[in-house]
Amino acid sequence: MAGVVGTQQEIASAADESATSLTLAVLLSGTGRSLANLLRVIDAGSLQARISVVISSRPAVRGLEIADGAGIATAVIERKGFPDDLAYSEAVYAVVAPYQPDLIVMAGFLRKLIVPPEWEGRILNIHPALLPESAAGKGFYGERVHAAVIASGADESGASVHVVDNEYDAGPVVMRAIVPVLPDDTPASLGARVFAAECELYPEAIRTYAAEHLDLIAAGRRQRSGG
Ligand code: GRF
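Residues numbered from 1 in each chain as written. Predicted model: local features only at pLDDT ≥ 70, side-chain atom pairs only at ≥ 80, totals over all residues. Heavy atoms only, no water.

### Observations concerning unusual backbone geometry
Okay, so step 1: Between Leu131 and the following residue, Pro132, the backbone shows a cis peptide bond with an omega angle of 10°.
Okay, so step 2: The phi angle at Ala60 is positive, at roughly 55°, despite the residue not being glycine.
Okay, so step 3: Ala60 gets classed as exposed once you look at its relative accessible area, which sits at 76%.
Okay, so step 4: For Asp169, which is not glycine, the phi dihedral falls at a positive 55°.
Okay, so step 5: With respect to the helices, strands and loops of the structure, Asp169 is situated in the loop between β6 (156-163) and β7 (173-180). (Buried < 20%, exposed > 50% of the residue type's maximum accessible area, 1.4 Å probe, protein only. Helix = DSSP H or I, 4+ residues; strand = E, 2+ residues; numbered from the N terminus.)

Here it is in structure tokens:
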């Protein structure tokens, strides 16, 4: 069965290539702390990847400056320019496609993306709480998430990397990191503890997810080469 052999070869090839060069597109909306962290771990050699493009849903944000400073191509695509989430999403994928990422990585991206079949399983997000049980969904971002966790009386919070599907913060969880909620925590102090955990978690989750989904990486590369 030549087709099956070919697929296995492609997966093996993706394994070889992804060991040296996982290509990522980063989507953000703000300060770019997560982008800066990914660049730091890539520079340090602990995440074998390169970021081929950064797209922001907001103009003039710090995340774009960080990308510029690292010599990465950038684009701003504001939601207000489009009639609905689908048109917005299509515009994002149209800009991303020429940069040929294996994975799209959301890093503080506050807009909804509709996931078409060709991107299913190849978009990751990080949420600053424990999914699926914690504060999540539209409007839950930044300190609102940490305030909700403190108000719930939970003694643990953390961060969750998940696959993006067509619901906010609802796709399958890839990996979580847990931190304690301390009695005197404020949203800011809890947020700082969670973000420190995110800095370890996101690169580790990207690395692990890619290694465990070489079939998806290979399929994406096959689509791009027109095979
Ligand atoms: C992180 O807390 C992450 O969990 C959430 O956005 C924050 C990063 O955004 N998705 P930024 O890098 O500070 O803009």
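Read on for the rest.
### Comments concerning the sheet that holds β7
Okay, so step 1: Spatially, β3-β2-β1-β4-β5-β6-β7 is the arrangement adopted by the seven strands of the open sheet, whose pairing is mixed. Only two strands of the sheet have a single neighbouring strand rather than two, namely β3 (73-76) and β7. Averaged over all adjacent pairs, the angle separating strand axes in this sheet is 20°, with direction ignored.
Okay, so step 2: Where strand β1 (residues 22-28) meets strand β2 (residues 49-56), seven bridges bridge the pair, whose relative direction is parallel. What sits directly across from Leu24, in β2, is Ile51. (Pairing = 2+ DSSP bridges. Axes fitted to C-alpha atoms, helices over the stretch in contact; angles between N-to-C directions.)

### Considerations on helix α7 (residues 214-224)
Okay, so step 1: Here α7 has its buried residues at Leu214, Ile217, Ala218, Gly220 and Arg221. The arc that holds every buried residue of α7, seen down its axis, measures 160°, which confines them to one face.
Okay, so step 2: Residue Gly226 follows α7 closely and has a positive phi angle near 75°. (Arc of directions from axis to C-beta.)

### Side note on the packing of aromatic side chains
Okay, so step 1: For the coordinates displayed, the defined rule picks out two aromatic pairs.
Okay, so step 2: Consider the rings of Phe82 and Tyr88, whose centres lie 5.7 Å apart with planes at 70°: the pair is edge-to-face.
Okay, so step 3: According to the relative accessible area criterion, Phe82 is partly exposed, its value standing at 26%.
Okay, so step 4: Overall, the relative accessible area of 0% leaves Tyr88 in the buried class.
Okay, so step 5: Centroid distance Tyr93 to Trp119: 6.0 Å. Interplanar angle 15°. Geometry classified as stacked. Linking Tyr93 in helix α4 (residues 85-96) with Trp119 in the loop between β4 (103-106) and β5 (123-127), this pair joins segments that are 26 residues apart in sequence.
Okay, so step 6: Judged by relative accessible area, which is 7%, Trp119 ranks as buried.
Okay, so step 7: If you follow Lys112 out to its NZ or CZ, it ends over the ring of Tyr168, 5.7 Å from the centre.
Okay, so step 8: In this structure, Arg122 is placed above the aromatic ring of Trp119, and the distance from its NZ or CZ to the ring centre is 4.2 Å. (Phe/Tyr/Trp six-rings, centres within 6.5 Å; stacked < 30°, edge-to-face > 60°. Lys NZ or Arg CZ within 6 Å of the ring centre and 35° of its normal.)

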